[in-house]
Amino acid sequence: MTQTPTTRVAVIGGGTSDEHEVSIASAASVVRAVAALGFEAVPLTIARDGHWLAEDGQRLPAHEALGRIAGCDLAFPVLHGVDGEDGAIAGLLRMTGIPFVGSPVRAGALGMDKWATKLVADDLGIATSRGALAGGWAAPAGAAFASELRPPFVVKPTTGGSSNGVFVVADRADLVATVEQARAFGDTVLVEEYVRGREVDIAVFRDASGGLRLGSTLEIGVVPGGVFDRAEKYDGSAEFRIPASLDPREEGAIRQAAVLLYEALGCAGVARFDFFATDDGVVLNEVNTSPGMTEQSQVPRMYAALGLDYAGLVGELIAVVLEEIRLR
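Residues numbered from 1 in each chain as written. Predicted model: local features only at pLDDT ≥ 70, side-chain atom pairs only at ≥ 80, totals over all residues. Heavy atoms only, no water.

Undergrad: Tell me about the packing of helix H5 (residues 114-124) against helix H8 (residues 248-265), residues and numbers included.
TA: The N-to-C vectors of H5 and H8 enclose an angle of 120°; their axes lie 11 Å apart at closest approach. When the interaxial angle is binned, H5 and H8 end up oblique. At the point where H5 passes H8, the crossing takes the right-handed sense. Residues Val120, Ala121 and Leu124 of H5 touch H8, and the partners they reach there are Leu260, Leu261, Ala264 and Leu265. Partitioned by chemical class, the residues of the contact of H5 with H8 number 7 nonpolar, no polar and no charged. (Axes fitted to C-alpha atoms, helices over the stretch in contact; angles between N-to-C directions. Helix = DSSP H or I, 4+ residues; strand = E, 2+ residues; numbered from the N terminus. Parallel < 35°, antiparallel > 145°, perpendicular 65-115°, else oblique. Left-handed = near helix turned anticlockwise from the far one by under 90°. Contact = heavy atoms within 4.5 Å. Nonpolar A, V, L, I, M, F, W, Y, C, P; charged D, E, K, R; others polar.)

Undergrad: Describe the sheet that holds strand S9 (residues 189-193), listing the residues and the values that go with them.
TA: The sheet built from 4 strands is open, its strands ordered S6-S9-S7-S8 with antiparallel pairing. Edge positions in the sheet fall to strand S6 (131-134) and strand S8 (167-169), since each has one partner strand and no second. Within the sheet, the average angular offset between the axes of one strand and its neighbour, ignoring direction, is 25°. With 3 bridges joining them, strand S7 (residues 153-157) and S8 adopt antiparallel strand pairing. Considered in S8, the bridge of valine 154 is made with valine 168. On top of the sheet, helix H6 (residues 175-182) reaches S6, S7, S8 and S9; it is set at about 25° to S7, its chief contact. (Pairing = 2+ DSSP bridges.)

Undergrad: Which residues make up the pattern of salt bridges, and what are the values?
TA: Taken as a whole, this structure holds 22 salt bridges when the rule is applied. In this structure, arginine 249 engages aspartate 247 in a salt bridge whose closest nitrogen and oxygen atoms are separated by 3.7 Å. Judged by its relative accessible area of 52%, arginine 249 is exposed. Across the salt bridge formed by arginine 255 and glutamate 251, the nearest N and O atoms sit 4.0 Å from each other. Of this pair, arginine 255 and glutamate 251 both sit in helix H8, 4 residues apart, roughly one helical turn. (Salt bridge = Lys/Arg side-chain N within 4 Å of Asp/Glu carboxyl O. Buried < 20%, exposed > 50% of the residue type's maximum accessible area, 1.4 Å probe, protein only.)

Structure below.
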């Protein structure tokens, strides 16, 4: 990796979504890694109300915040959820000509929308659970809503993250009321048939040489209620098995599907792909183009299992952008 003492990296965290605190933690970890790599980190935070904040918490006018980012060699956004991961920050940085780590607008927008992701996966021949939309531009939920689906159901906002607004519904009679609950987390709600299987995740990034680097598979232990929810994700109680206990067929199917989706969506940086390993094969759950990036998050653990530590992973992601800059 080519670097100089003056290489400056703007690390952007926070955001207006309900994943604000998760993003703050991810950004703090990235800042530490950037410093450990010998770069200069320039932390910037987007407050819950959308205002930009400097490292000391001072409010910055938007033009001044962009000026600080433009004064860096590249940006490393670590925003999760709406108005960040969905392509918003990528569009802002691209339009202002600032090189950045992570996926471009299209990949962020498609990956953030669980319904759009299903359509892409279906076209690639990757299995997904049967589902239907409610709310937003879709038909409102009613008595006949999702009549072709079989309970139990999983109800979730199409653009939610960190398992916010995810509900398991056993009885069809409770479906409409649960859809209304989920709308508090997003206007458009996805209802899917519940998939019985082991949740297995894998991460992919493209390195500076152009090669795809896959992390180890990670299996999430059984959780109460059948949903890997926000509490288990962030309170340290989750049980992870790395690598996942898979037979060669399952392992190959997950790795192939992750690569196909990474390429088809047009991802850059690191993305995480979540699957269910079922008796009938591998089923896609969702895609995360801006996954959690604390030292203890799933993606860093996947690469650490293969010998690439946290700072090394951050360094690899930065190296891609530095190489792109060099080739311009």
